[in-house]
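# Structural description and commentary
Residues per chain, in single letters:
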Amino acid sequence: MARETTYLELSQDGGGAHKFYEVTVDGTAVSVRYGRIGADGQLQSSSFPTAEKARAAAAKKIGEKVRKGYAPAVAGARAARAVSRRQVTSAPSTARAVAPVLWRFRTGSSAFGIHVDEDRCWVGNQAGDVYTLSHEGEVLARYSLPDGVKCLVADEFWIYAGCDDGTVYDLSSKVPFGAYDIAADVDIFWLDIHEGVLSVSDRNGGLTVIDHEDEFQWSRRSPGSNAWMVRADERAVYHGHSQGVTAYAADGGAQLWHTPTDGSVLFGWQEDHTVYAATGRHTVQRLAKGTGAVEASYRCDAAVYACATSPDGRHVFAADYASSVYCFDADGRRLWKLGTGGGSALSMQYLDERLYLVTTDGSLICMDASEAAILAAQRGSVPTAVDVKSAAALPVFTPAASAAAVATVSVSAAPADGVVVECVQQGGRMRVQVVSGGFEPSWNVQFPRGIREPGARYVVDGLHAASGGFYRVRGEIRRLV
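Owing to the predicted nature of the structure, the values given are computational and were not obtained by experimental measurement. Think of each chain on its own: its residues are numbered from 1, step by step along the sequence as written. The predicted origin of the model limits local features to residues at a pLDDT of at least 70 and limits the giving and counting of side-chain atom pairs to 80 or more, whereas totals for whole chains, interfaces and linings rest on all residues. Water and hydrogen atoms were dropped before computing side-chain values, which therefore reflect all heavy atoms in the structure.

Quick look at the packing of aromatic side chains now. Here a pair means two rings of Phe, Tyr or Trp (six-membered ring of Trp) with centres within 6.5 Å. Their orientation is stacked below 30 degrees between planes, edge-to-face above 60, and tilted elsewhere. Evaluation of the coordinates by the stated rule reveals 20 aromatic pairs. Members of the aromatic cluster, connected to one another through ring pairs, are Y276, Y298, Y326 and F328.

Right, here's the structure in full:
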């Protein structure tokens, strides 16, 4: 039986859908490739008892897409839609003193993504590179992703990178995999994740919420556009855009409040009871999560690109387009302003009296934010910043493009310390559940969609119970044959 391929596209004017769907039948095997036009997309494969059943399954998939508006097309004839990249400018700092920078790592491209935890620092840039470093500036590893990194977010021990190719990658194992596939008509601007539930804000002012199984939950359209802020907790999702901040109930059932801000929201931060909105009119505003009331304002000298706080909210930090970084007390009194010495900070985090910045020149900067170091810097005494270099033999990890690439090691029997999971069909959906004893059998496993096949079993090094009632994979994924 000859190999048969059907290629369909759905492209809408005005920034709507722009995606493809390709079905290939090869004997008893059916593969489906789908995604944004111009990208490689995601790949799923299935096998059937006979060639006739394979063709019937393929025809059903094609028919479903045609009814949704897809039409036959020629692959490569229609160009990919341009991805929105944040247009930022950077000017020299007007501060009289330079920040006490301990070390600087240059990634080679403008950087937005940052995450800092007790173990290491993460930075992601618009070239698709994600690096991990120790807190002393040693480069530990590099991930090479297919497109620019918009942001990095963490959920418990798991790290995710939202990319311009529309995929959110799990970077928690040696081999990154696509944990969430964002709809082709959603132009990712920012992400947040809470207990496995992903919130996505986009160029058009939309908010899309997806669960740990990569299944759509709900969406809303806020009154503004260019939504560069989304923060989530167990009570609500806080959405910042050109018209202010809008809070929605966590289940999407209602708008809780809307607060106009002093200028378009360019960045957001949250603490337990408050959210912080950095705006284009030189201000960071602190809003009460319960009511949306503005509790305090922090005034800078230029448009604010990023903000963060110390854990107790005692200090508020901000960075503007003029390559300056600020510190305020909780009530809004400016304590200091210093130059970054490395471009304008596009994201930032604070940890243990250190402020970590990622900048327009692609640097990850670690500055000493202790009181003593800041006082010394204001007097003109700063340490000599270490210029961090990557090791020549730095390990580079890339996402798996197919089932074979993910399941790099096949085993005939599950190792004693491994956990066996199985793909099962439930209500028209392919789920992954635990076979090994000692786990809750009704919980699903967050697992790469591209390698889910009916009846397929895999061995993973470990599973972690997430507070949302599902399991996350720890370690390598291997096909059990």
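On we go.
Attention shifts here to the state of the cysteines. Only a pair of cysteine sulfur atoms within 2.5 Å counts as a disulfide in this structure description. For the structure on display, the rule yields zero disulfides. Summary of cysteine pairing: C327 is not part of a disulfide, and the nearest cysteine sulfur, belonging to C300, is at 11 Å. Under the scheme applied here, a residue whose accessible area is under 20% of the maximum for its type counts as buried, over 50% as exposed, and between as partly exposed, the area being computed with a 1.4 Å probe on protein chains only. Note on C327: relative accessible area 3%, which makes it buried.

Attention shifts here to the pairing of strand β9 (residues 129–133). In terms of residue burial, β9 counts as a mostly covered element, since five of its five residues are buried. Here a helix means four or more residues in a row that DSSP labels H or I, a strand means two or more in a row labelled E, and each is numbered from the N terminus. Of the two faces of β9, the one lined by D129, Y131 and L133 and the one lined by V130 and T132 are each fully buried. Bridge count between strand β8 (residues 121–125) and β9: four bridges; the pairing is antiparallel. Across the sheet, C121 pairs through a bridge with L133, a residue of β9. Here β9 runs beside strand β10 (residues 139–144); their pairing, made up of five bridges, is antiparallel. Bridge pairing in β10 places T132 opposite A141. In this analysis, strands are considered paired if DSSP registers two or more bridges between them. Hairpin connection from β9 to β10: five residues lie between these consecutive antiparallel strands, with G137 at a positive phi of about 95 degrees.

What follows concerns the environment of V294. In this fold, V294 is placed in strand β26 (residues 294–299). Residue classification places V294 among the partly exposed residues on the basis of a relative accessible area of 40%. Between the C-alpha atom of V294 and that of Q433, which follows or precedes it by 139 residues, the distance is 45 Å. In contact with V294, other than residues within four places in its own chain, are T259, Q285, R286 and L287. Residue contacts follow a heavy-atom distance rule, with two residues in contact if any of their heavy atoms lie within 4.5 Å.

A few words now on the environment of K389. Within the secondary structure, K389 sits in the loop between β34 (386–388) and β35 (396–397). Placed 154 residues apart in sequence, K389 and R235 show a C-alpha to C-alpha distance of 43 Å. Distance and chemistry together define a polar contact, namely a pair of N or O atoms within 3.5 Å, with one atom able to donate a hydrogen and the other to accept it when in protein, and with adjacent residues in sequence counting only for side-chain atoms on both sides. Of note is the side chain of K389, whose polar atom sits 3.3 Å from the side chain of D387.

What follows concerns unusual backbone geometry. Although it is not a glycine, E195 sits at a positive phi angle of roughly 50 degrees. Considering the arrangement of structural elements, one finds E195 in the loop between β15 (188–194) and β16 (197–202). Exposure remark for E195: the relative accessible area of 31% places this residue in the partly exposed category. A positive phi angle is found at H282, which is not glycine, with a value near 70 degrees. Counting through the fold element by element, H282 comes out in the loop between β24 (274–279) and β25 (283–288).

The next point concerns the sheet that holds strand β2 (residues 18–26). Consider a sheet: its strands pair through backbone hydrogen bonds, and that pairing is either parallel or antiparallel. The strand order across the open sheet formed by five strands is β4-β3-β2-β1-β5, and the pairing between neighbours is antiparallel. Among the strands making up the open sheet, the edge pair consists of β4 (42–47) and β5 (71–72). Both β2 and strand β3 (residues 29–36) contribute to a ladder of eight bridges, which runs antiparallel. Bridged to V23 within β3 is V32. Those strands touched by helix α1 (residues 51–67) are β1 (4–11), β2 and β3, and its axis lies near 165 degrees from that of β2. Note on definitions: angles span 0 to 180 degrees between N-to-C directions of axes, and those axes are lines fitted to C-alpha atoms, for helices only across the stretch in contact.

Turning to the side chain of T132, a few remarks are in order. Mapping T132 onto the fold places it in strand β9. Relative accessible area serves as the criterion here: at 0%, T132 is assigned to the buried category. Setting aside residues up to four positions removed in sequence, T132 forms contacts with R120, C121, W122, E138, V139, L140, A141 and Y143.

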